[in-house]
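Report on the structure
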Amino acid sequence: MSYQVNEKGYYGSFGGAFIPEMLFPNVEDLRSRYLTIMESDDFKKEFNSLLRDYVGRPSPLYYASRLSTHHNKEIYLKREDLNHTGAHKINNTLGQILLAKRLGKKRIIAETGAGQHGVAAATVCALMGLECIVYMGEVDIERQAPNVARMKLLGAKVVPALCGSRTLKDATNEAIRDWINNPVETHYIIGSVVGPHPYPDMVARFQSVISEEIRTQLLSKTGKETPDYVIACVGGGSNAAGAFYHFLDEPSVKLIAVEAAGKGIHSGHSAATMVLGKPGIIHGSKTMLMQTEDGQITEPYSISAGLDYPGVGPVHAHLFETGRATFVSATDEEALAAAYLCCRLEGIIPALESAHALAHLDKLKSAPGEIIVLNLSGRGDKDLATYIKHQNL
Ligand SMILES: *Cc1c(COP(=O)(O)O)cnc(C)c1O
């Protein structure tokens, strides 16, 4: 069984490139060149040196001893929260900007939910001196104000998406619309393992540095390269894809993806795509998708803007269908409680997204001594207002 994309751009029956004709030359140019560019020595050298000196990689793999004692488990946190700009997103934006340069692009567009991807995109555009336009839902602009300020400070233009739920999905629609109107000079930096082929594969490869490092770090800490569990939260699925990547072909490693159950899976206010979704097409690929009987996309909801997405990358739809990964969910309240616990026990304020992964530690039935690696996808600075508001829960 292969869990990687095939030559046609599919993971099993999921993936593909469902795009308007106007975008075909652009996507085809990317598809035919991305692997050659990414595998060239010149690219690898620049990417790796910036990952080290600019992003601050490798991110530590930290044995969380008080959290481990509390849960009676062996818990290691992969500290993506310590990356420059505060999350795993920079691994991907850095990779894509280096690629865009080599494709001769002059203008960068991006969509953002929590604002982490927007900030990471604005950051690498500043680094490379390229114009940057970020589309963001109006609701997210309100609830993620500090990140909006950061993007502007970094020189990006932030354009509000005013349609639908005015969150991530709508921002993505606006970005795609822009791309259709400016197909030649513009590179669209997609922020997760979503979108038409080759994006899901390309983004997973850029994020795979996470699991590559976990293997080396775990070996030096425990004498074993593979953990028993890898846990990660899933919005579109890029931090999970990166944390899973180098373990996909090792069945002894159990992969757990945590979705946002919002106010409860069946409350009508959730983003638990795998439970509520059916196959459908969103943003250029076939995947699992929350939708009505007649195929209209359902408005998702989560307290965390980064998980507030009605679909999931096609790689995850495939991991779900094949049973290679287990998909679970955590509610807003469970995530908040797990975040407060992590603050008090470890002195780490996690991103609300990552807190969904932490929330699963309470429910996980692992055997004594089994090693758990949890991908702490980002830090919680951007979520301070939400944490303070709910602190009396
Ligand atoms: C964006 C974001 C996520 C969700 O995106 P994925 O593509 O599913 O990883 C998770 N955690 C943090 C901190 C984020 O910023």
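1. Regarding the sheet that holds strand S5 (residues 107–112)
Read across the open sheet, the four strands follow the order S7-S6-S5-S8; overall the sheet is parallel. Each edge of the open sheet is held by one strand with a lone partner, namely strand S7 (157–161) and strand S8 (186–189). Neighbour-to-neighbour, the strand axes of this sheet turn through a mean angle of 25°, independent of strand direction. Where S5 and S8 come together, four bridges link them in parallel fashion. Residue Ala110 lies in a different strand from S8, and its bridge partner there is Ile189.

2. Details of the domain arrangement of the protein
The domains assigned to the protein are domain 1 (20–50 + 89–203) and domain 2 (56–86 + 208–390). A straight line from the C-alpha centre of domain 1 to that of domain 2 covers 22 Å. At the interface, 28 residues of domain 1 touch 33 residues of domain 2. Around 2300 Å² of area is buried between domain 1 and domain 2 when both sides are counted, 57% of it from carbon and sulfur atoms. Where domain 1 meets domain 2, there are two salt bridges. Here Asp308 and Arg143 are joined by a salt bridge, their closest N and O atoms 2.8 Å apart.

3. Here's the deal with the site of the ligand
As a matter of local geometry, the ligand sits amid 17 residues, with Lys89, Ser192, Gly237, Ser238 and Ser377 nearest to it. Between the ligand and Ser377, the relevant distance is 2.7 Å, taken from a nitrogen atom to a side-chain nitrogen or oxygen of the residue. Protein coverage of the free-state accessible area of the ligand, which is 380 Å², stands at 97%. Here the shell around the ligand is built from residues that sort into four nonpolar, 11 polar and two charged.

4. Here's the deal with the pattern of salt bridges
One side chain can pair with another of opposite charge once the charged atoms of both are near each other. Within the structure shown, the criterion is met by 25 salt bridges. Of the charged contacts in the structure, one is a salt bridge between Arg79 and Asp81, with a shortest N-O distance of 2.8 Å. Given a relative accessible area of 3%, Asp81 falls into the buried group. For Glu138, the salt bridge goes to Arg166, with nearest N and O atoms at 3.1 Å. With a gap of 28 residues between them, Glu138 in helix H6 (residues 138–143) and Arg166 in the loop between S7 and helix H8 (168–181) connect regions that are remote in the sequence. When salt bridges that share partners are traced, they join Asp42, Glu46, Lys101 and Arg102 into one network.

5. Notes on the packing of aromatic side chains
Inspection of the entire model under this criterion finds nine aromatic pairs. Summarising the aromatic geometry, the rings of Phe47 and Phe206 are spaced 5.4 Å apart at their centres and angled 65° between planes, so their arrangement reads as edge-to-face. Highlighted residues: Phe47 in helix H2 (residues 41–55) and Phe206 in helix H9 (residues 199–207), separated in sequence by 159 residues. Note on accessibility: Phe47 and Phe206 belong to one class, buried. Here Phe320 and Phe327 contribute two aromatic rings whose centre-to-centre distance is 5.7 Å and whose plane-to-plane angle is 85°, an arrangement assigned as edge-to-face. Taking the relative accessible area as the measure of exposure, Phe320 reaches 33% and is therefore partly exposed. Three or more aromatic residues joined by ring pairs make a cluster, and in this case those are Phe43, Phe47 and Phe206. A cation over a ring is seen here: Arg79 above Tyr62, with NZ or CZ 5.9 Å from the ring centre. The ring of Tyr301 carries the charged tip of Lys263 above its face, separated from the ring centre by 4.9 Å.

Cut-offs applied
- Residues numbered from 1 in each chain as written.
- Predicted model: local features only at pLDDT ≥ 70, side-chain atom pairs only at ≥ 80, totals over all residues.
- Heavy atoms only, no water.
- Pairing = 2+ DSSP bridges.
- Helix = DSSP H or I, 4+ residues; strand = E, 2+ residues; numbered from the N terminus.
- Axes fitted to C-alpha atoms, helices over the stretch in contact; angles between N-to-C directions.
- Domains from an automatic or database assignment.
- Contact = heavy atoms within 4.5 Å.
- Buried area = accessible area lost by both parts, 1.4 Å probe.
- Salt bridge = Lys/Arg side-chain N within 4 Å of Asp/Glu carboxyl O.
- Near = heavy atom within 4 Å.
- Polar contact = N/O pair within 3.5 Å; in protein donor to acceptor, adjacent residues only side chain to side chain.
- Areas by Shrake-Rupley, 256 points an atom, 1.4 Å probe, with all protein chains shown as cover.
- Nonpolar A, V, L, I, M, F, W, Y, C, P; charged D, E, K, R; others polar.
- Buried < 20%, exposed > 50% of the residue type's maximum accessible area, 1.4 Å probe, protein only.
- Phe/Tyr/Trp six-rings, centres within 6.5 Å; stacked < 30°, edge-to-face > 60°.
- Lys NZ or Arg CZ within 6 Å of the ring centre and 35° of its normal.

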